[in-house]
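# A structural walkthrough
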Amino acid sequence: MRESDNDSERGTDVDTGHEVDADESTSRSTNEADEPSESPSDSPSTSDLGEATPSEERADDDHSDSTQPSPQLGTSLDDELLDDLDGPGLEDPEEASRGLFDDLLSGEPIFENKEVLRPSYTPHKLPHREEQINNMATILVTALRGDTPSNILIYGKTGTGKTASAKFVSEELETTSQKYEVPCEVEYINCEVTDTQYRVLAQLANKFIEKNRDVIDERLDGLQQKRDRAREDAAELADMEFESVEAITDRIEDLRAEKDDFEEVPMTGWPTDRVYNSFFEAVDYHERVVVIMLDEIDKLVEKSGDDTLYNLSRMNSELENSRVSIMGISNDLKFTDFLDPRVKSSLGEEEIVFPPYDANQLRDILQHRANVAFKDGALTDDVIPLCAAFAAQEHGDARRALDLLRTAGELAERDQTEKVEEGHVRKAQEKIELDRVVEVVRTLPTQSKIVLFSIISLEKNGVHNINTGEVYNIYKRLCEEIDADVLTQRRVTDLISELDMLGIVNAVVVSKGRYGRTKEISLSVPLDETEAVLMSDSRLGNIEDVQPFVQARFDN
């Protein structure tokens, strides 16, 4: 037992019986491997690291070698000090990173099924499109009787429900055909992605080749079962169309050869005639009615002409087993003006127009989707009317309204709020508008980018009421700087008009009296974000200082 605090610093040497300091006995026990270690109570505390006491100085003089701290002791002291300095309040970085998504998931989710708000979703009910849907169904019902339906052209602006309605009718058509065991198939092609005759024909050919292989596999399974029964009991042949087991085997071999003959069409490399023949043979392999849905059909005509439509609309006269009908969907009401008269007459046998939605119809559509997409009580009362009002300003675009509602919900989730409110809708409107501007500016031609950069440079340097001459002077200097062709002032004026049509700038013609007329130009989009997009262009990004170019606006 220790009698006092002073005695706690001293002990007895086990070899000599003399009284020594605790530090000295500890260091001896550390250096001598065969000695047992001291108890934890005798190890030095962090307070011993201060100024040495007289007894400790005496011990240092007598035992200079034995009192040097060992590496193990030094390490333990360093660790102990670091632990004390870190303290319990400081978190380990690894622990902090592990909790990153835990914190984000701790909030209550707002969405029940976000996919309902995406354009790719086909709802079970399409409000305010009953008339157009019934018209399509009336035309296509002949396919369920085994006849060829009339070709259909569907017109309407973006977001008026054309594609969703067509897909809805197509799904109903295929479901009903299975119910009545009538072979009827619908194939969808997005011509904005698949925009050449080769790609359209290759994609269609490969889809039908895959389906034909599935049909052959089903027939092979049935024949193999029949062959097995016939081998067990020859009487089974009486109820079959085959006279012998060998005849069944021959038919199986023929089907396998037919399956091997179907060669998938590569996306490039074949002559177009060969691709068309592969598609023709694949679609005519067995009896069926095929509806080919060509979405954004005007993009196909714009890039590849009307050869594809001509071939598809005329192939029924050559088919023996199947029948083909075309359903074209377009945002451009005048695209048929560029078609061959023969294609136009056969393709536009039936036309259906989808008018824009009004604000009340958009409200019904949003409410219908919101009931499925969001949890109960997740929306305040003014959210859906505001989304509908914003979208109604953009020619009744339901797709825009759905994007707005979904983005508002995502912003509310990021704020970890319990409800989507009016402020989230307004933020979503700004975000979507900015995203649109960024995409439009990013895809501008180089010459248009230079003109826009000239306007931005002027506005950024405090120039107001910018006229066409000032823009053209800076434009010329910028073209010389980046080694681009210089267009005429008339052509630059046309480019400014195109930017005005896109909503990027606002160009107003003003009269200068005896000096004629000019355009006063101002920017209609956020300056900093637009400039950042332009500077991401490899050519414009090399311009470091625009100030010398801004001075060029005074050039004659």
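Now for a look at the structure at hand.

The rules behind these values
- Residues numbered from 1 in each chain as written.
- Predicted model: local features only at pLDDT ≥ 70, side-chain atom pairs only at ≥ 80, totals over all residues.
- Heavy atoms only, no water.
- Axes fitted to C-alpha atoms, helices over the stretch in contact; angles between N-to-C directions.
- Helix = DSSP H or I, 4+ residues; strand = E, 2+ residues; numbered from the N terminus.
- Left-handed = near helix turned anticlockwise from the far one by under 90°.
- Contact = heavy atoms within 4.5 Å.
- Nonpolar A, V, L, I, M, F, W, Y, C, P; charged D, E, K, R; others polar.
- Pairing = 2+ DSSP bridges.
- Core = buried A, V, L, I, M, F, W, Y, C linked by side-chain atoms within 4.5 Å.
- Buried < 20%, exposed > 50% of the residue type's maximum accessible area, 1.4 Å probe, protein only.

A packed helix pair is summarised by two numbers, namely the angle formed by the two axes and the spacing between the axes. Interhelical geometry of helix 17 (residues 422–442) versus helix 21 (residues 527–535) gives an angle of 30° and a closest axis separation of 9 Å. Viewed along their axes, helix 17 and helix 21 form a crossing whose handedness is right-handed. Across the interface between the two elements, Leu434, Val437, Val438, Val441 and Arg442 from helix 17 touch Glu529, Thr530, Val533 and Leu534 from helix 21. Residues belonging to the contact of helix 17 with helix 21 are distributed by class as follows: 6 nonpolar, 1 polar and 2 charged.

A separate point is the sheet that holds strand 9 (residues 505–511). Ordered by their spatial adjacency, 3 strands build an open sheet running 8-10-9, and the pairing between neighbours is antiparallel. The open sheet has two edge strands with one neighbour each: strand 8 (466–467) and strand 9. Looking at chain direction, strand 9 and strand 10 (residues 517–523) are connected through 7 bridges and run antiparallel. Bridging from a neighbouring strand, asparagine 506 pairs with serine 522 of strand 10. Its contacts with the sheet place helix 18 (residues 446–460) against strand 8, strand 9 and strand 10, and it is angled at close to 75° to strand 10.

Attention shifts here to the side chain of serine 454. Following the sequence through the fold, serine 454 ends up in helix 18. Beyond its immediate stretch of four places on either side in the chain, serine 454 contacts Val471, Ile474, Tyr475 and Leu478.

Moving on, we get to the nonpolar core. Across soluble globular proteins, nonpolar side chains show a tendency to be buried alongside one another. Ranked by internal contacts, the top residues of the largest apolar core, which has 49 residues, are Phe279, Leu294, Leu309 and Met315. Per-element accounting of this core gives the leading share, 12 residues, to helix 8 (residues 197–232). With residues near it in sequence (within four places) discarded, methionine 315 still touches Tyr276, Phe279, Phe280, Val283 and Val324. Formed by 35 residues, the second largest nonpolar core is a distinct cluster that contains Leu452, Val471, Leu478 and Val533.

Turning our eyes to something else, we now look at the sheet that holds strand 4 (residues 184–190). Strands sit in the order 4-5-6-3-7 across an open sheet of 5 strands; the sheet is parallel. Strands at the two margins of the open sheet, each flanked by one partner only, are strand 4 and strand 7 (350–354). Across the sheet, the mean angle separating the axes of adjacent strands is 15° when strand polarity is ignored. When strand 3 (residues 152–156) meets strand 7, the two strands line up parallel, connected through 5 bridges. Counted as the bridge partner of glycine 156 is phenylalanine 354 from strand 7.

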